[in-house]
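# Residue-level structural notes
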Amino acid sequence: MKLSGLQIFWLMFTFETGNMILLTLSPTFQEAKQDAWISFGLAGISGMLIVYVSSKAALLYPGKTLIEYSKQILGKWLGMLIVIVYLILWYSVIGIILREFADFTITILLPTTPQWVLVLTMLLLLIYITYSGGIEGIGRCSEVFGPIIFLSVFILLILSVSIFNYRNILPVFSDTGLLPILKGTLYPLSFLGESVMMLMLLSFMDQPHKGPKRAVWGIAAASSLVSTVAIWVLLILGPEIASKLRHPAFDTVSYVTVMDFIQNLEILAVLVWILSIFIKLSLYFFLANYGTAQLLHIKDWRKLIWVTSAFFFVLAVIFPNPTYTYIYLKTYWIYFALPVNMVGIPFLLWFVGSLRKKLQAHH
């Protein structure tokens, strides 16, 4: 199983784009009002730093995954603790995203379909791609899906230029101030920070030294696109309406018409989201299975898929209502996963790992 530099770029771009467009716009508008686009810009820069540090940490031990080198860097027990902290993140987030996928699809496309049918359908797709293709199969899918996502969003942006209201973006900064803008940054950053999965993915690259650069470019492309979407929503809806809607980007699409002839372009938005969510779920599904197998010293990691799939199905179907997802985002995700999993641990691994390498070189 090998990944190319181009696949890493498209993986980072694809798995970030859809969920960020769907879930981060509303809370960011609530905090930063018409300056939400500044929040997205700052989050993009911070996200690039996180993915760079994660890739550099993994590059200290090329060919080894986080499960293996964390013990080498921090010792057996602390290394294992760090692995468990990541596994909790990977497992919990799969349940949340599966539930979210089912809820959104029922709301928008299939109102009478039972929830479990959609969860099961997505799980079967995940099992197929992960079992048959592994990480390489997911990488190849992202090479196909990434350009489709980019083109779909680009078409939607171009078609709606005529309904922009440029007054919506003013005044810049003076109304909001620095603190709300920084608070607004937390939401998109907590999604861009998921790129810490480079701690694992770099070990699957055929040319690991290309990893940091390609991953940074992928995050830069994703955050630029999402920032552009934020400005697009702002110019059409304005900050007040955007902050009150649950999925402002999706609602904005319904305003787009071309000469009253081309309408109902929501299907493009749904396509962007489903392709992106598939890649995101596949990545987490692969990492959860592969990481657990390495931790428990199971030779054939694919055997685990059947056990974890049943667990994820139960997790997604039994998960309480959307309020739970909201609390998960507002508490664990922003105040634990972001500072610990996405910022603290990668910096710690890179710092201690670099020190160890230097000391070994001197001896």
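Quick look at the structure, then. Computed from a prediction, not measured in an experiment: that's the story for all the values here.

Before going further, it helps to spend a moment on the overall build of the protein chain. Within the protein chain, the regular secondary structure consists of 14 helices and 0 strands. For the protein chain, the sequential pattern of α-helices and β-strands runs α-α-α-α-α-α-α-α-α-α-α-α-α-α. Relative to the globule expectation of 21 Å for 363 residues, the C-alpha radius of gyration of the protein chain, 20 Å, shows essentially globular dimensions. Oriented by its inertia axes, the alpha-carbon framework of the protein chain measures out at about 70 × 45 × 35 Å. Of all 363 residues assigned to the protein chain, the portion counted as buried reaches 56%. When contacts within the protein chain are restricted to residue pairs at least 6 apart in sequence, those whose partners lie at least 24 apart make up 85%. Summing over all exposed atoms, the protein chain offers an accessible surface of approximately 15600 Å²; the carbon and sulfur share of this is 70%. Distance between charge centres in the protein chain, computed from 23 positive and 16 negative side chains, equals 14 Å.

The subject of this paragraph is a nonpolar patch on the surface. Nonpolar side chains collect at one region of the surface, where L42, I45, L170, V172, F173, L178 and L182 lie side by side and expose about 630 Å² of accessible area between them. Relative to the helices and strands, L42 resides in helix α3 (residues 36–59).

This brings us to the packing of aromatic side chains. As enumerated under the stated definition, the model contains 23 aromatic pairs in all. For the pair Y61 and Y69, a centre-to-centre distance of 5.9 Å together with 10° between the ring planes defines the contact as stacked. Assigned by exposure class, Y61 and Y69 land together as buried. Members of the aromatic cluster, each reached through a chain of ring pairs, are F9, W10, F13, F150 and F154. The positively charged end of R302 is found above the aromatic ring belonging to Y131, 6.0 Å away from the centroid. Note that K357 overlies the ring of Y61, its terminal NZ or CZ placed 4.5 Å from the centroid.

On to the side chain of S223. In this structure, S223 sits in helix α9 (residues 211–237). In contact with S223, other than residues within four places in its own chain, are G44 and L192.

Looking now at the packing of helix α2 (residues 25–32) against helix α7 (residues 178–192). It is at 8 Å that the axes of α2 and α7 come closest, and there the two elements cross at 170°. By the criterion of interaxial angle, the relationship of α2 to α7 is roughly antiparallel. Listed contacts from α7 to P27, T28, E31 and A32 of α2 are P180, I181, K183, G184, Y187 and P188.

If charged atoms from side chains of opposite charge come close, those side chains can pair. The full count for this structure, using the stated rule, is 4 salt bridges. A salt bridge links R99 to D103, with the nearest nitrogen and oxygen atoms 3.5 Å apart. A residue pair is termed a helical-turn pair when its members lie 3 or 4 positions apart in one helix, as R99 and D103 do in helix α5 (residues 76–108) at 4 residues.

Further remarks concern the side chain of T28. For T28, the position within the fold is in helix α2. In this structure, T28 is in contact with K33, A36, S39, F40, G184, Y187 and P188, ignoring residues within four places of it in sequence.

A separate point is the packing of helix α6 (residues 115–159) against helix α13 (residues 304–318). Across the interface, α6 lies against α13 with an axial gap of 10 Å and an inter-helix angle of 155°. Overall, the two elements α6 and α13 adopt an arrangement that is roughly antiparallel. The element α6 and its partner α13 pack so that their crossing is right-handed. In this structure, α6 contributes W116, V119, L120, L123, I127, T130 and Y131 to the contact, and α13 contributes I305, W306, S309, F312, F313, A316 and V317. Its residues assigned to classes, the contact of α6 with α13 comprises 12 nonpolar, 2 polar and no charged.

This part covers helix α1 (residues 5–23). Taking 1.5 Å per residue, 19 residues should reach 27 Å; α1 reaches 28 Å between its end C-alpha atoms and fits that length. Burial of α1 is extensive: 18 of the 19 residues sit out of reach of the surface.

Moving on to the environment of T130. Turning to its location among the elements, T130 is positioned in helix α6. Sequence-wise, T130 and T24 are 106 residues apart; in three dimensions their C-alpha atoms are separated by 28 Å. Excluding its chain neighbours within four sequence positions, the residues that come into contact with T130 are S282, F285, F286, W301, R302 and I305.

All right, on to the environment of V340 then. Mapped onto the elements of the fold, V340 is located in helix α14 (residues 322–362). The exposure class assigned to V340 is partly exposed, which follows from its relative accessible area of 27%. Sequence-wise, V340 and A43 are 297 residues apart; in three dimensions their C-alpha atoms are separated by 17 Å. Among residues more than four places away in sequence, those in contact with V340 are V85, I345 and P346.

Cut-offs and rules
Residues numbered from 1 in each chain as written. Predicted model: local features only at pLDDT ≥ 70, side-chain atom pairs only at ≥ 80, totals over all residues. Heavy atoms only, no water. Helix = DSSP H or I, 4+ residues; strand = E, 2+ residues; numbered from the N terminus. Rg over C-alpha atoms; globule rule 2.2 N^0.38 Å. Buried < 20%, exposed > 50% of the residue type's maximum accessible area, 1.4 Å probe, protein only. Contact = heavy atoms within 4.5 Å. Areas by Shrake-Rupley, 256 points an atom, 1.4 Å probe, with all protein chains shown as cover. Lys, Arg positive; Asp, Glu negative; His and termini not counted. Charge placed at Lys NZ, Arg CZ, Asp CG, Glu CD. Patch = residues over 30% accessible without salt bridge, like charges linked within 9 Å, V, L, I, M, F, W, Y side chains within 5 Å. Salt bridge = Lys/Arg side-chain N within 4 Å of Asp/Glu carboxyl O. Phe/Tyr/Trp six-rings, centres within 6.5 Å; stacked < 30°, edge-to-face > 60°. Lys NZ or Arg CZ within 6 Å of the ring centre and 35° of its normal. Axes fitted to C-alpha atoms, helices over the stretch in contact; angles between N-to-C directions. Parallel < 35°, antiparallel > 145°, perpendicular 65-115°, else oblique. Left-handed = near helix turned anticlockwise from the far one by under 90°. Nonpolar A, V, L, I, M, F, W, Y, C, P; charged D, E, K, R; others polar. Expected span 1.5 Å × (residues − 1).

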